[in-house]
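Results of the structural survey
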Amino acid sequence: METQKQAAEDLVFKALGDPTRRVLLDLLCENNGQTLGQLCENLNMKRQSATQHLELLEAANLVTTVRRGREKLHFINPVPLHDIYARWVRKFETQRLNLLHDLKAELEGGEK
Amino acid sequence: MTKQTTRFVYVTYIASTPEKVFAAITQPALARQYWGHENVSDWTVGADWQHVRDNDARPVEIVGKVLEVSAPHRLVISWAGASQAANPDSYSRVTFEVEPHENGVRLTVSHDELEVGSGMAAGVSKGWPLVLSSLKSYLETGTGFDLSGRNKAA
């Protein structure tokens, strides 16, 4: 299970490690549920390269798609970002709060 | 009057079983451990359901009806702020789909028929990722996040 989790995280960081893919996510944040055609127009990009970027975002579960008739709509899926937040950001916030607590205790001359 | 609507679709992969995921959504004793809320209903089609915050005041925050149930794979509910319950236009719809995927499950939450620019649309777009991330953590590690607001100062 740990290796599975790691592989999933690798895909997220790889997907985010590219400016075009970050712009694609920004575009979906602004207007969720866009078609490939709409995204290409906003990016000024050919369908083929946009498709490749979207595939990597989908593999990382950062984008999910829903079919509506002949169209495929793309939705941003921020859930994996929250998983990363929980691991890489939240615990440092806790640590910072503990440091503040210790500092306060020291300045006030109380027990730690 | 037809409202202009928007929708969100969230997906998370969880190393668990469809039965456990379905139970975590529908059983109050489980939901309160990672959601900070309970979803209270008898989960039959047409029944009411309530989303109750797990704190001392236990306010009912969201209300709606059960529209479809096919445990443990599918649940569709209507969704409105408790103060808006009398206004049919305020109702949006949430669909939970739980499918087996490799060694675990793929959980998809689609929230549609949300009014564009409404407070509810803004609120749920921030809320769902946090809830699903906490659910994943709860089922995989036994610990979710504290979303009840009980320990704000912590």
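Remember, it's a predicted structure, so these values are computed and weren't measured experimentally.

All names here are of chain B. Burial analysis of strand 7 (residues 104-115) places 9 of its 12 residues in the buried class, which makes it a mostly covered element. The sheet contact formed by strand 1 (residues 5-14) and strand 7 spans 9 bridges and is antiparallel. Paired with Tyr 13 across the strands is Arg 106, a residue of strand 7. Where strand 6 (residues 92-101) lies against strand 7, 9 bridges are found, and the strand directions are antiparallel. If you follow Glu 99 over to strand 7, its bridge partner there is Arg 106.

Residue and element names in this part refer to chain A. Where helix 2 (residues 19-30) contacts helix 4 (residues 47-59), the axes come no closer than 10 Å and their chain directions differ by 75 degrees. Considered as vectors, helix 2 and helix 4 are oriented roughly perpendicular to each other. On the side of helix 2, the interface is formed by Thr 20, Arg 21, Leu 24 and Leu 25, while helix 4 contributes His 53, Leu 54, Leu 56 and Leu 57. Across the contact of helix 2 with helix 4, the residue classes break down as 5 nonpolar, 2 polar and 1 charged.

What follows concerns a nonpolar patch on the surface. Residues and elements named next belong to chain A. Together, Phe 13, Trp 88, Val 89 and Phe 92 give the surface a local cluster of nonpolar side chains, amounting to about 390 Å² of exposed area. Of the residues forming the nonpolar patch, the biggest block, 3 residues, is contributed by helix 5 (residues 79-107). Looking at the element boundaries, Phe 13 is found in helix 1 (residues 2-16).

This part covers helix 1 (residues 18-26) of chain B. A large share of helix 1 of chain B lies buried, amounting to 7 of its 9 residues. Residues Pro 18, Val 21, Phe 22, Ala 23, Ala 24, Ile 25 and Thr 26 of chain B constitute the buried set of helix 1 of chain B.

Here we come to the packing of aromatic side chains. All names here are of chain B. Under the criterion given, the structure shown has 7 aromatic pairs over all chains. With a centroid separation of 6.1 Å and 35 degrees between ring planes, the pair formed by Tyr 34 and Trp 35 is classed as tilted. Look at Phe 96 and Trp 128: their rings are 5.9 Å apart centre to centre, the planes differ by 80 degrees, and that puts the pair in the edge-to-face class. Of the two residues, Phe 96 is situated in strand 6 and Trp 128 in helix 3 (residues 119-141); the sequence distance between them amounts to 32 residues. In terms of burial, Phe 96 and Trp 128 fall into one category: buried.

Residues and elements named next belong to chain B. With respect to the helices, strands and loops of the structure, Asn 39 is situated in strand 2 (residues 37-40). Among the polar contacts made by the side chain of Asn 39, one reaches the main-chain carbonyl oxygen of Ile 25 at a distance of 2.9 Å. At 2.6 Å, the side chain of Asn 39 and the side chain of His 51 are in polar contact. If sequence neighbours within four positions are ignored, Asn 39 has contacts with Ile 25, Thr 26, Pro 28, Ala 31, Trp 49, Gln 50 and His 51.

Before going further, it helps to examine the interface of chain B and chain A. Facing 20 residues of chain B, the contacting portion of chain A comprises 17 residues. Here chain B packs against chain A, burying approximately 1500 Å² in sum over the two surfaces, 60% of which is carbon and sulfur. Sorting the residues of chain B by area buried against chain A places Arg 7, Val 9 and Val 11 of chain B first, and these three jointly supply 30% of that buried surface. Linking chain B to chain A there are 3 residue pairs in polar contact (both at pLDDT 80 or more). The set of elements that each furnish at least two residues to the side of chain B that touches chain A consists of strand 1 and helix 3 of chain B. Grouping the amino acids of the side of chain B that touches chain A by side-chain chemistry returns 11 nonpolar, 4 polar and 5 charged.

How each quantity is defined
- Residues numbered from 1 in each chain as written.
- Chains lettered and ligands numbered in written order.
- Predicted model: local features only at pLDDT ≥ 70, side-chain atom pairs only at ≥ 80, totals over all residues.
- Heavy atoms only, no water.
- Buried < 20%, exposed > 50% of the residue type's maximum accessible area, 1.4 Å probe, protein only.
- Helix = DSSP H or I, 4+ residues; strand = E, 2+ residues; numbered from the N terminus.
- Pairing = 2+ DSSP bridges.
- Axes fitted to C-alpha atoms, helices over the stretch in contact; angles between N-to-C directions.
- Parallel < 35°, antiparallel > 145°, perpendicular 65-115°, else oblique.
- Contact = heavy atoms within 4.5 Å.
- Nonpolar A, V, L, I, M, F, W, Y, C, P; charged D, E, K, R; others polar.
- Patch = residues over 30% accessible without salt bridge, like charges linked within 9 Å, V, L, I, M, F, W, Y side chains within 5 Å.
- Areas by Shrake-Rupley, 256 points an atom, 1.4 Å probe, with all protein chains shown as cover.
- Salt bridge = Lys/Arg side-chain N within 4 Å of Asp/Glu carboxyl O.
- Phe/Tyr/Trp six-rings, centres within 6.5 Å; stacked < 30°, edge-to-face > 60°.
- Polar contact = N/O pair within 3.5 Å; in protein donor to acceptor, adjacent residues only side chain to side chain.
- Buried area = accessible area lost by both parts, 1.4 Å probe.

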